[in-house]
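# Descriptive analysis of the structure
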Amino acid sequence: MEPLVKDELDKKATKVFAGRVVRKDLVRNVKVGANVPVFVLEFLLGTYCASDDQVAIDAGLKIVNSTLSENFVRPDESTKAQSLVRERGKHMIIDKIKVRYDSEEDKYWAELVNFSHKYVHIPEKYVIQFDRLLLGGIWAQVTIRHMYDEEATGKKSPFWIDNIKPIQLASFNLDEYKEGRKAFTTDEWIDFLIRSLGMQPSEFNRRLKMLYLLRLVPFCEHNYNLIELGPRGTGKSYAYQEISPYGILLTGPTTVANLFYNMGTGKMGLIGLWDVVAFDEVADLQKMPKEIITMLKTYCESGSFARGREQLAAYASLAMFGNTNQPIDVMVKSSHLFMPLPDIIRTDMAFIDRIHSYLPGWEIPKMQTRFFTSNYGFVVDYLAEAIRDLRKYNFTDVIDQYFSFGTHLNARDVKAVRRTVSGMMKLLYPHSEYTKEELAEVLELSLECRRRVKEQLKKMGSFEYYQTSFSYIDNETRAEVYVGVPEEGGRGLISPDPLAPGSVYCASVDTEGKVGLYRIEVGMSAGTGKLKFRGGIAGSMKESIQRAFSYIESHKVSMGIGQEFDTSDFHVEAIDLLSNRIPADSGVAFITAVYSAIRSHPVRPGVVILGDISIQGNIKPLSSLIEVLQNTMDNGGKSAIIPLENKRMFLEVSGDILEQVDPIFYGDPITAAMKALGLH
């Protein structure tokens, strides 16, 4: 193997964390030929290859490869391994070992997972010495002896454990870890953590590095709910499969008993046994009982759940992963960013609101060979222990030293942001030494990832979720900083550029406070004054346009368009910009679009037309104005054509909306059209 030229970070890491680091290229080379968790490989490499001497490394690699080939039990070779123990009388294997207590026999039984034997005698001293044997099990080098079982009663087994040497770290000193962190600058520490994940930091910018580290927050923050949706092949589930032995990755449907609590056996499910439960494909939730979604919803909020008469608590964090099938700009403009979720939770706003952070997976590039590092990083088991130990500590109040939250964050938002900040600060500044600027960087990322959740809820839901202008305030200067989301959360649906003649934006609100936003397009062809619907129009919206067309027909002379109207047919289409299927009563907007098409004159840029028309030609005002104007502002609108009767509602509209959206009032449809076209 080629000798590694160590850089300054390698030299510092091998000095400060001697014996705790490993060359990551060695891991990859061995991993190719062995289907073993990375933390098992790195333990062996850290044991035999923790040296700068290339000769010693090569010799260590031979030992590691030999150990794996002779002692690692593959699941499909369990019978062969059992036979080998019988023939030799005693043999050392590498396997995951679990222990359970049998109350009927008053005895502990060990289970060797790949060895495929659930009844292996184990001395009680190991159960006491390694308590994790009872909590999901550990990977270990296990020496097994084959001997006749002379027990007169109870279960018999010919396999006996002579010795257990855990492959996972036997002991961990957090103070040593914190002290070691002090030797690194923030930039060095971030790069070293990225190398510990097996990647080359020079290939990524600062933001990408922070997003990679955000994936680890569920491991160091209990009861944390993370979702990441993005393209395939970006390594979404890697950390949950390879980096830590304390997380479990579900790759298919599960049951309530398996996930939460089995009332038959009285045993806790995965939520109670693991630090993190990750769903490799969130679409699998569609195949699970609805009861799981209901219980997840309760658990995500409070960290507890009810089974039978029992109210049970757990501390596992949840991570959900899914694949996007469209480019992000298409998703933003045509729908919302939770569209890849299965039907069972896609429209469940209460469930989605419990997600603390939405990691933008579309920003993370697909894995390439050049992204992998050959430098030194933590032995991942040591890093996993550090992160797990930090779960005990609470960093949620670090924000208060320098900053406070803006008014648009409700209690659930604040809780979510504090959790994300806490997890990131544990990863980056476990020694609790940081600057105001460094805290602000973490706070802004945390606000962004929570706002991304809220922005989608706003698109999907009612006025309840419309306060998304997230900000933080400097306690010293009182300066307020607003934090957006890079994909702009749906902004830009209303173009700042002039539309073609015959095209207008319109909006309305339904009885539940949900907003419909449309672009109405009217085209003309030679004809006899007929109205033809092309698509996107039905129900109350169609009736509204038909009433408006009748109004034009009876007022065409006073509008000065009689000849053009009688010699043309009008083709109308409506594009649902929010894709939420909320119909818009758009009579006044349609009259404006027809007038614009006949006059070949575009409406003013960024204008949204509100209001409808009755069968007698009277203006029908909106039932509520706040939601529509908020939506207009959020999607890039600059002005709104508003019925005069809605003027009394302006006391309810916030100042920040009025600063962004210019209100223009009208008393009749023709005035509305003239003002929209800038002719009045």
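Report follows, based on the coordinates. (Residues numbered from 1 in each chain as written. Predicted model: local features only at pLDDT ≥ 70, side-chain atom pairs only at ≥ 80, totals over all residues. Heavy atoms only, no water.)

## Looking at the overall build of the chain
What the chain contains, in helices and strands, is 26 helices and 28 strands. Viewed in the frame of its principal axes, the chain has a C-alpha envelope of about 105 × 60 × 45 Å. Residues classed as buried in the chain amount to 57% of the 680 residues present. Counted over contacts in the chain with a minimum sequence separation of 6, partners at least 24 positions apart contribute 73%. Accessible surface, the chain as shown: approximately 28,600 Å² in total, 49% of it carbon and sulfur. If the 80 positive side-chain charges of the chain are averaged to one point and the 87 negative ones to another, these points end up 2 Å apart. (Helix = DSSP H or I, 4+ residues; strand = E, 2+ residues; numbered from the N terminus. Buried < 20%, exposed > 50% of the residue type's maximum accessible area, 1.4 Å probe, protein only. Contact = heavy atoms within 4.5 Å. Areas by Shrake-Rupley, 256 points an atom, 1.4 Å probe, with all protein chains shown as cover. Lys, Arg positive; Asp, Glu negative; His and termini not counted. Charge placed at Lys NZ, Arg CZ, Asp CG, Glu CD.)

## Regarding the pairing of strand E11 (residues 276-279)
With burial as the criterion, each face of E11 is covered, one bearing Val 276 and Ala 278 and the other bearing Val 277 and Phe 279. The sheet contact formed by strand E8 (residues 247-250) and E11 spans four bridges and is parallel. Paired with Leu 249 across the bridge in E11 is Ala 278. Bridging between E11 and strand E14 (residues 317-323) involves four bridges; their strand directions are parallel. Its bridge partner being in E14, Ala 278 is matched across the sheet by Ala 319. (Pairing = 2+ DSSP bridges.)

## As for unusual backbone geometry
With a phi close to 50°, Asp 106 is a non-glycine residue in the positive phi region. Relative to the elements of secondary structure, Asp 106 occurs in the loop between strand E2 (90-102) and strand E3 (107-112). Residue classification places Asp 106 among the exposed positions, given a relative accessible area of 58%.

## Regarding the sheet that holds E8
Taking strand neighbours across the sheet as the criterion, the five strands line up as E8-E11-E14-E7-E15 in an open arrangement whose pairing is parallel. Single-partner strands in this sheet number two, and they are E8 and strand E15 (357-360). Direction aside, the axes of adjacent strands within the sheet are offset by 20° on average. On the sheet, helix H9 (residues 206-214) packs against strand E7 (225-230) and E15 and is oriented at approximately 130° with respect to E15. (Axes fitted to C-alpha atoms, helices over the stretch in contact; angles between N-to-C directions.)

## Comments concerning the environment of Asp 585
With respect to the secondary-structure elements, Asp 585 resides in the loop between strand E23 (568-576) and helix H23 (587-599). With 44 residues separating them in the primary sequence, Asp 585 and Met 541 have C-alpha atoms 5.2 Å apart. Beyond its immediate sequence surroundings of up to four residues, Asp 585 is in contact with Ser 508, Ser 540, Ser 544, Gly 611 and Asp 612.

## Thoughts on the packing of aromatic side chains
All chains considered together, the criterion is met by 37 aromatic pairs. On the numbers, 6.3 Å between centres and 45° between planes, the contact of Phe 17 with Trp 189 is tilted. With a gap of 172 residues between them, Phe 17 in the loop between helix H1 (8-16) and strand E1 (21-23) and Trp 189 in helix H8 (residues 186-196) connect regions that are remote in the sequence. With relative accessibility at 0%, the residue Trp 189 sits in the buried group. Ring geometry for Tyr 101 and Tyr 108: centres 5.3 Å apart, planes at 55°, overall tilted. Overall, the relative accessible area of 43% leaves Tyr 101 in the partly exposed class. (Phe/Tyr/Trp six-rings, centres within 6.5 Å; stacked < 30°, edge-to-face > 60°.)

## A closer look at helix H26 (residues 669-676)
Among all positions in H26, only Pro 669, Thr 671, Ala 672, Ala 673 and Ala 676 are buried. At the C-terminal side of H26, Gly 678 shows a positive phi close to 75°.

## Things to note about the side chain of Arg 307
Within the secondary structure, Arg 307 sits in strand E12 (residues 304-307). In this structure the side chain of Arg 307 is engaged in a polar contact, spanning 3.2 Å, whose partner is the backbone oxygen of Tyr 261. A distance of 3.3 Å separates the side chain of Arg 307 from the side chain of Glu 291, its partner in a polar contact. Not counting residues up to four positions away in its chain, the partners in contact with Arg 307 are Val 256, Ala 257, Tyr 261, Met 263, Glu 291, Met 295 and Leu 312. (Polar contact = N/O pair within 3.5 Å; in protein donor to acceptor, adjacent residues only side chain to side chain.)

## Some thoughts on the layout of surface pockets
Here the largest pocket is characterised by a volume of approximately 1,400 Å³. The wall of the largest pocket is formed by 45 residues, among which Lys 96, Lys 98, Gly 136, Ile 248 and Trp 274 lie closest to the centre. Taken together, the elements giving at least two residues each to the lining of the largest pocket come down to E2, E3, helix H11 (238-243), E8, helix H12 (256-259), strand E10 (267-268) and helix H13 (270-273). Broken down by element, the residue count for the lining of the largest pocket peaks at five residues, all from E2. (1 Å grid on protein atoms, 1.4 Å probe; cavity = no way out; pocket = protein on both sides within 12 Å on 5 of 7 lines; lining within 4 Å. Points joined across faces, edges and corners; volume = space filled by probe spheres on them.)

## Section: the environment of Glu 221
With respect to the element layout, Glu 221 can be found in the loop between helix H10 (217-220) and E7. Classification of Glu 221 by relative accessible area gives buried; the value is 4%. Every residue in contact with Glu 221, bar those within four places of it in the chain, is listed here: Ser 317, Arg 391, Thr 396, Arg 419, Ser 422, Gly 423 and Lys 426. Of note is the side chain of Glu 221, whose polar atom sits 2.9 Å from the side chain of Ser 422.

## Some remarks on the pattern of salt bridges
Summed over all chains, the structure comprises 41 salt bridges. In this structure, Arg 370 and Glu 203 form a salt bridge, with 2.5 Å as the shortest nitrogen-oxygen distance. Note that Arg 370 is positioned in the loop between E15 and strand E16 (376-378) and Glu 203 in the loop between H8 and H9, a separation of 167 residues in sequence. Arg 370 gets classed as partly exposed once you look at its relative accessible area, which sits at 48%. When its relative accessible area of 31% is taken as the criterion, Glu 203 is described as partly exposed. In this structure, the salt-bridge partner of Arg 354 is Glu 301, at a minimum N-O distance of 3.8 Å. Of this pair, Arg 354 sits in the loop between helix H17 (349-352) and E15 while Glu 301 is found in helix H14 (residues 290-302), placing the two residues 53 residues apart along the sequence. (Salt bridge = Lys/Arg side-chain N within 4 Å of Asp/Glu carboxyl O.)

## Some remarks on the nonpolar core
Counting 94 residues, the largest nonpolar core has Tyr 177, Leu 213, Tyr 240 and Met 424 as the members making the most contacts within it. Beyond its immediate chain neighbours, meaning those up to four positions away, Tyr 240 contacts Arg 215, Pro 218, Phe 219, Leu 226, Gly 247, Leu 249, Val 276, Ala 278, Ala 319 and Phe 321. (Core = buried A, V, L, I, M, F, W, Y, C linked by side-chain atoms within 4.5 Å.)

## Concerning the packing of H9 against helix H20 (residues 436-460)
Viewed as axis vectors pointing N to C, H9 and H20 meet at an angle of 70°, and their least axial separation amounts to 12 Å. Compared by their axis directions, H9 and H20 come out roughly perpendicular. Taken as a pair, H9 and H20 cross one another with a handedness that is right-handed. Along the contact surface, H9 presents Arg 206, Arg 207, Met 210, Leu 211 and Leu 214, while H20 presents Glu 441, Val 442, Leu 445, Glu 448, Cys 449 and Arg 452. Among the residues forming the contact of H9 with H20, the class breakdown is six nonpolar, no polar and five charged. (Parallel < 35°, antiparallel > 145°, perpendicular 65-115°, else oblique. Left-handed = near helix turned anticlockwise from the far one by under 90°. Nonpolar A, V, L, I, M, F, W, Y, C, P; charged D, E, K, R; others polar.)

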